[in-house]
Amino acid sequence: MPRSLDVLLTALAPTVWGSTYIVTTELLQEGYPITAAMLRALPAGLLLLLIVRSLPHGRWIVRALVLGALNFSVFWWLLFVSAYRLPGGVAATIGAVQPLIVLVLARHMMEQPFSRTGLIAGIMGVVGVGLLVLTPEAALDTVGIFAALGGASSMALGTVLTKTWQPPVSPLTLTAWQLTAGGILLLPAALMFEPPLPPLSMSNVAGFVYLGLVGGAMTYILWFRGIALLGPSAVSPLGRLSPVAAVLLGWFILDQTLNPLQLFGMVLAIASAWFGQRSQQTQSVTAVLPQRA
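Remember, predicted model here, so these are calculated numbers, not experimental data.

Visitor: How would you explain the overall build of the chain if you had to name every residue and give the values?
Guide: Helix and strand content of the chain: 13 helices and zero strands. Every one of the 293 residues in the chain was classed for burial, and the buried ones make up 47%. Restricting the contact set of the chain to residue pairs at least 6 apart, pairs at least 24 apart contribute 90%. Total accessible area on the chain is roughly 14100 Å²; 71% of this is exposed by carbon and sulfur atoms.

Structure below.
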């Protein structure tokens, strides 16, 4: 399959993740961030396990728990904490540093060369997302800032380890293992720290089904597939498409407005995603050329 098609399929994941905010605010009940994260992960993971009929064994049990914690339990938990304590624009801007963290981790853990183009693209992405979603009224909260940075770091480490610990299974099976592990780890936290959910309406059920099956299972299959084929440094910049999609959905569905500065930020964010993965493609070609000589 051509690399460009692999990139497009991987980019579908963060694009769909951009709908998480509007689905959460419009369809789910407020005040249950850990429970919502658990219900997003665990049922979808168990359903995928029924399909793949494969459980991790040996060292992959521990690795599945670690990856599930980094990519789902810790990341989604801190994501909700930052969303509750920070304006969405501040949280999204801080989260946009994730590709820069991935570049550093990939260099030290995978001995991947540090790309100057990738660094420039990473800075462009942070500026672009900031222009797109930050407002002059944005207030800062220390706990929220650390939660946003912790969430970005957790997913960055999970992204690199997903490539480093690539098991001999399909992306579908890997997603099933991680979603189930992440949901199991979130379950006791939800029971300990949050009250029971009140009766769910049809809208609530529809929201959880969408976030679990489409925003969770289907998209992470594409995401983990992309990490395996393209590498973490090429995939992580595509995450900036998430705030772009969120803003566009707010414009189309909630009649929110877009000013020229936001449009410029959107162009920067999309351009940074493109340059970020292109820089890794150039590095891969350069690394192969001496072997062909």
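Visitor: Which residues make up the packing of helix 7 (residues 116-133) against helix 12 (residues 241-253), and what are the values?
Guide: It is at 10 Å that the axes of helix 7 and helix 12 come closest, and there the two elements cross at 15°. As the angle between them shows, helix 7 and helix 12 are arranged roughly parallel. Handedness of the crossing formed by helix 7 with helix 12: left-handed. Mapping the contact onto sequence places Val129, Leu132 and Val133 in helix 7 and Pro243, Val244 and Val247 in helix 12. Tallied by class, residues from the contact of helix 7 with helix 12 come to six nonpolar, no polar and no charged.

Visitor: Can you lay out helix 3 (residues 33-52) for me, pointing to particular residues and giving the numbers?
Guide: The end-to-end C-alpha separation of helix 3 is 29 Å, in line with the 28 Å expected for 20 residues at 1.5 Å each. Most of helix 3 sits inside the fold, with 14 of its 20 residues counted as buried. At the exit of helix 3 stands Arg53, carrying a positive phi of roughly 50°.

Visitor: Can you lay out the packing of aromatic side chains for me, pointing to particular residues and giving the numbers?
Guide: Applying the stated rule across the entire model yields nine aromatic pairs. Centre to centre, the rings of Trp251 and Phe252 are 4.9 Å apart; their planes meet at 40°, and the pair counts as tilted. Take Trp251: its relative accessible area is 40%, and that puts it in the partly exposed class. Of note, Arg63 hangs over the ring of Trp60, and the distance from its end group to the ring centre comes to 4.9 Å.

Visitor: Quick rundown of the packing of helix 3 against helix 9 (residues 171-193)? Include the residues and the values.
Guide: Orientation of helix 3 relative to helix 9, taken along the N-to-C sense of each, is 145°, at an axis distance of 7 Å. Read as a crossing pair, helix 3 and helix 9 show a hand that is left-handed. Residues belonging to the contact of helix 3 with helix 9 are distributed by class as follows: 21 nonpolar, six polar and no charged.

Visitor: Before we move on, can you summarise the side chain of Ser236 with the specific residues and values?
Guide: Within the secondary structure, Ser236 sits in the loop between helix 11 (232-235) and helix 12. Residues contacting Ser236, with those up to four places away along its chain left out, are Gln98, Pro99, Val102 and Trp223.

Visitor: Tell me what's going on with the nonpolar core, and back it up with residues and numbers.
Guide: Judged by nonpolar contacts, the single largest core of 44 residues is most densely connected at Trp76, Leu179, Tyr220, Trp223 and Phe224. Secondary structure elements with two or more residues in this core: helix 1 (3-17), helix 2 (20-27), helix 3, helix 4 (59-85), helix 9, helix 10 (202-230) and helix 11. It is helix 3 that contributes the most residues to this core, ten residues altogether. Ignoring anything within four residues of it in the chain, the contact list for Tyr220 reads Trp17, Asn71, Phe72, Phe75, Trp76, Met155, Thr175 and Gly215. Val129, Val133, Val244 and Ala269 belong to the second-largest nonpolar core, a separate cluster that totals eight residues.

Visitor: Run through the pattern of salt bridges, naming residues and quoting values.
Guide: This structure, assessed with the given rule, holds one salt bridge. Where Arg225 meets Asp6, a salt bridge forms, and the shortest distance between an N and an O atom there is 2.8 Å. With Arg225 in helix 10 and Asp6 in helix 1, this pair connects stretches of sequence that are 219 residues apart. Residue classification places Asp6 among the buried residues on the basis of a relative accessible area of 8%.

Reading the values: rules and limits
- Residues numbered from 1 in each chain as written.
- Predicted model: local features only at pLDDT ≥ 70, side-chain atom pairs only at ≥ 80, totals over all residues.
- Heavy atoms only, no water.
- Helix = DSSP H or I, 4+ residues; strand = E, 2+ residues; numbered from the N terminus.
- Buried < 20%, exposed > 50% of the residue type's maximum accessible area, 1.4 Å probe, protein only.
- Contact = heavy atoms within 4.5 Å.
- Areas by Shrake-Rupley, 256 points an atom, 1.4 Å probe, with all protein chains shown as cover.
- Axes fitted to C-alpha atoms, helices over the stretch in contact; angles between N-to-C directions.
- Parallel < 35°, antiparallel > 145°, perpendicular 65-115°, else oblique.
- Left-handed = near helix turned anticlockwise from the far one by under 90°.
- Nonpolar A, V, L, I, M, F, W, Y, C, P; charged D, E, K, R; others polar.
- Expected span 1.5 Å × (residues − 1).
- Phe/Tyr/Trp six-rings, centres within 6.5 Å; stacked < 30°, edge-to-face > 60°.
- Lys NZ or Arg CZ within 6 Å of the ring centre and 35° of its normal.
- Core = buried A, V, L, I, M, F, W, Y, C linked by side-chain atoms within 4.5 Å.
- Salt bridge = Lys/Arg side-chain N within 4 Å of Asp/Glu carboxyl O.

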